Amino acid sequence: MWFKNLKLFTLTQPLELTDADLEEKLSEHSFRPCGSQELASMGFSSPFNQGESLLHATSGRFWITLKKQEKILPAAVVNAELAEKVAHIEAETGSPVNKKAQSDLKQEIIHRLLPQAFTKNSFTHGFISTADNLVVVDSSSDGKAETFLAMVRKALGSLPVVPIARRSIQADLTAWLKEDTTPAQVELLEEAELRSMEEDGSIVRCKNQDLGAEEIGHHLDAGKLVQKIAIEWDETLSAIIQEDVAIKRVKFSDVVREQNDDIPKDQMLAKMDADFALMSGEVVRFAEWLRQTFALNDEE
């Protein structure tokens, strides 16, 4: 299991968790499929997508998976049937169907079609590391991350977290380029987004661009600040760091991923366990580096 995006949160109070206690609390909100008249259903499922356990624990880190199932009922299908029904009624009665009646007809159509609708499953993964006061959600979306946290909070009764950064780090990222203050563990790659701080200011997005080039310097001299930048960190991972310390498009290096290549392919669960232990350990290390580099602990 290799996370692709990192939404990082700090636990503001110690959280005492045991495998058995967490399992019991998650089980009260376990996933169940959509009912015949439900548009969506959500709950916790096995991180390995098999078996009954709703969590996986290793090295004091608890891997939790939130599963969501949605009915796929295309609006075009509903609207086409509604238009046909409205046209039929108007032809029979000789008078137009008002908006209230059309709304009622639409609900009748949805009610009839829902049991026949296809379903789509999606999963949001995250882990809690109590020893590091850290919660990590694999999501590029603030909404999905908040939904994950809200469900865990509902199961536990409390989940006191705040974003790992409560300030923008755009000035720090800009200094990496403008003042050549890039940390030793960081290699800047060839992608960034610069933004003018003026209202309705311009945005410059760079790909396959030498960030040390003169034209980038001109943008920085004009007052643009770095909103996101691509980096390689400690020969461990590459990613996009955003000014709110959201981490996107994470790719772990071959040096890291190959460490578990000796596990036979037919031992799938053992491989997933080892990959999660390795990945989560590196994420915890990266999060601590972010805290120290940008003095994020000073905000607590």
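Rules behind the numbers
Residues numbered from 1 in each chain as written. Predicted model: local features only at pLDDT ≥ 70, side-chain atom pairs only at ≥ 80, totals over all residues. Heavy atoms only, no water. Helix = DSSP H or I, 4+ residues; strand = E, 2+ residues; numbered from the N terminus. Rg over C-alpha atoms; globule rule 2.2 N^0.38 Å. Contact = heavy atoms within 4.5 Å. Areas by Shrake-Rupley, 256 points an atom, 1.4 Å probe, with all protein chains shown as cover. Lys, Arg positive; Asp, Glu negative; His and termini not counted. Charge placed at Lys NZ, Arg CZ, Asp CG, Glu CD. Buried < 20%, exposed > 50% of the residue type's maximum accessible area, 1.4 Å probe, protein only. Pairing = 2+ DSSP bridges. Core = buried A, V, L, I, M, F, W, Y, C linked by side-chain atoms within 4.5 Å. Expected span 1.5 Å × (residues − 1). Arc of directions from axis to C-beta.

**Remarks on the overall build of the protein chain**
Looking only at helices and strands, the protein chain has eight helices and twelve strands in total. Here the protein chain has a C-alpha radius of gyration of 24 Å; the compact-globule value for 300 residues is 19 Å, and the former is much larger. With the principal axes as the frame, the protein chain shows a C-alpha extent of 75 × 55 × 40 Å. In the protein chain, of all internal contacts separated by at least 6 residues, the share reaching a separation of at least 24 is 69%. As presented, the protein chain carries roughly 16,100 Å² of accessible surface, and 47% of it is formed by carbon and sulfur atoms. Of the side chains in the protein chain, 33 bear a positive and 50 a negative charge, and the two mean positions are spaced by 7 Å.

**Comments concerning the side chain of asparagine 260**
Its place among the elements puts asparagine 260 in the loop between α7 (254-257) and α8 (268-293). Residue asparagine 260 is classed as buried on the basis of its relative accessible area, which comes to 11%.

**Let's talk about the pairing of strand β5 (residues 118-129)**
In this structure, strand β4 (residues 61-72) lies alongside β5, joined through twelve bridges in antiparallel fashion. Looking across to β5, one finds that glutamate 70 is bridged to lysine 120. Strand direction decides the pairing type here: β5 and strand β6 (residues 134-138), joined by five bridges, are antiparallel. Each residue of the ladder has a partner; that of isoleucine 128, found in β6, is valine 135.

**Side note on the nonpolar core**
Leu6, Ile247 and Leu290 are the most contacted members of the largest nonpolar core, which totals 47 residues. Among the elements that make up this core, the one with the highest residue count is α8 (ten residues). If we skip the residues at most four places from it in the chain, isoleucine 247 touches Asn5, Leu6, Leu8, Ala239, Ile240, Ile241, Phe286 and Leu290. In terms of nonpolar packing, the next biggest core, distinct from the first, is built from 24 residues, Leu22, Leu55, Ile64 and Leu66 among them.

**Remarks on the pairing of β4**
Across a regular strand the side chains alternate sides, sitting on one face of the sheet and then on the other. Taken across its twelve residues, β4 has nine buried, putting it largely inside the fold. In this sheet, β4 lies alongside strand β2 (residues 40-45) in antiparallel orientation, the contact comprising six bridges. Looking at the pairing, methionine 42 lines up with lysine 68 of β4.

**A short note on helix α3 (residues 99-113)**
The end-to-end C-alpha separation of α3 is 21 Å, in line with the 21 Å expected for 15 residues at 1.5 Å each. Those residues of α3 lying buried are Leu105, Ile109, Ile110 and Leu113. Looking straight down α3, one finds that the buried residues subtend no more than 140° of arc, so they occupy a single side. Buried residues in α3 make contact with α2 (75-93).

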